Amino acid sequence: MAKKSVRQRPLSHVPKQRTVPDVMPGVQEEEHKRQIKNQYSMYRRLFMDIEREQVRENIRKKAHQKKINCLKKQKEQERQEVESTVSHAMEARHPLTGETELEAHEKEQQEERYIEEMVVKQKQQQQKNKETQRYIKALRAMMREKMEKQRITMPPLCACGPTIWDSNPDTCANNCIFYKNPKAYAKALSSLLMSCQ
């Protein structure tokens, strides 16, 4: 069999690609810059969106943590209330009064304070009464002296006695203005004393 010879074309016959002349020399460079700028703005938007999402996530986490803390506090308060009621119910109580030892102790302290206050008030009242009686006694003594010096007789201060010396805040009738009112009696005596001068 005879070999067919394949003719090969010489390379010189392959058409060469012609390069297009660069008619506008800066257009490709500007196009490349624009693409880079678009890419940059796209990446920037992407990172800004990611950052915004992270901020939102942090806010959600904080709100969730706050809610959890609030619930924990509420549950702890409820637990303490239940615990205090249970411990209060379990405390030993007196069979007659139904009070615990602590309540009984507090009640005794309150009663002691009340008694002390009443004793102090009574002492102050007694001191005041003594001073008023001394003052009245001194006024009466001065009145007697003046009356003896001037040799005059005074009319009674009230209708409880025939003379001025018979009226007394302790012995006057209960409808008298001087009855248990030593201040008014002392005032009347002092004004009578002043009028004698």
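Our subject is the structure that appears above.
Note that the structure is predicted; figures quoted are calculated from it, not measured.

*Asks:* Explain the packing of aromatic side chains here, please?
*Replies:* Counted under the stated rule, the structure contains one aromatic pair. Measuring from centroid to centroid gives 5.4 Å for Phe178 and Tyr185, while their planes differ by 80°, and the two rings are edge-to-face. Here Phe178 falls in the buried class, since its relative accessible area comes to 3%.

*Asks:* Can you help me understand the nonpolar core in this one?
*Replies:* For soluble globular proteins, the rule of thumb is that nonpolar side chains tend to be buried together. Formed by 17 residues in total, the largest nonpolar core has its most connected members in Met143, Met154, Phe178 and Leu189. Elements that contribute at least two residues to this core include exactly helix H2 (101–150) and helix H3 (182–196). For this core, the element with the most residues is H3, which contributes seven residues.

*Asks:* So what exactly am I meant to see when it comes to unusual backbone geometry here?
*Replies:* Negative phi values dominate among residues other than glycine, just as trans dominates among peptide bonds. If you check the backbone angles, Lys180 has positive phi at about 50° while not being a glycine. Positionally, Lys180 belongs in the loop between H2 and H3.

*Asks:* Looking at this structure, how should I read the packing of H2 against H3?
*Replies:* What describes two packed helices is the angle between their axes and the distance between those same axes. Orientation of H2 relative to H3, taken along the N-to-C sense of each, is 25°, at an axis distance of 10 Å. Looking at the two axes, H2 sits roughly parallel to H3. Between H2 and H3 the crossing geometry is left-handed. Along its contact with H2, which presents Lys128, Thr132, Tyr135, Ile136, Leu139, Arg140, Met142, Met143, Lys146 and Gln150, the element H3 presents Pro182, Lys183, Tyr185, Ala186, Leu189, Ser190, Leu192, Leu193 and Cys196. In terms of residue class, the contact of H2 with H3 is built from 12 nonpolar, three polar and four charged.

Procedures and definitions
- Residues numbered from 1 in each chain as written.
- Predicted model: local features only at pLDDT ≥ 70, side-chain atom pairs only at ≥ 80, totals over all residues.
- Heavy atoms only, no water.
- Phe/Tyr/Trp six-rings, centres within 6.5 Å; stacked < 30°, edge-to-face > 60°.
- Buried < 20%, exposed > 50% of the residue type's maximum accessible area, 1.4 Å probe, protein only.
- Core = buried A, V, L, I, M, F, W, Y, C linked by side-chain atoms within 4.5 Å.
- Helix = DSSP H or I, 4+ residues; strand = E, 2+ residues; numbered from the N terminus.
- Axes fitted to C-alpha atoms, helices over the stretch in contact; angles between N-to-C directions.
- Parallel < 35°, antiparallel > 145°, perpendicular 65-115°, else oblique.
- Left-handed = near helix turned anticlockwise from the far one by under 90°.
- Contact = heavy atoms within 4.5 Å.
- Nonpolar A, V, L, I, M, F, W, Y, C, P; charged D, E, K, R; others polar.

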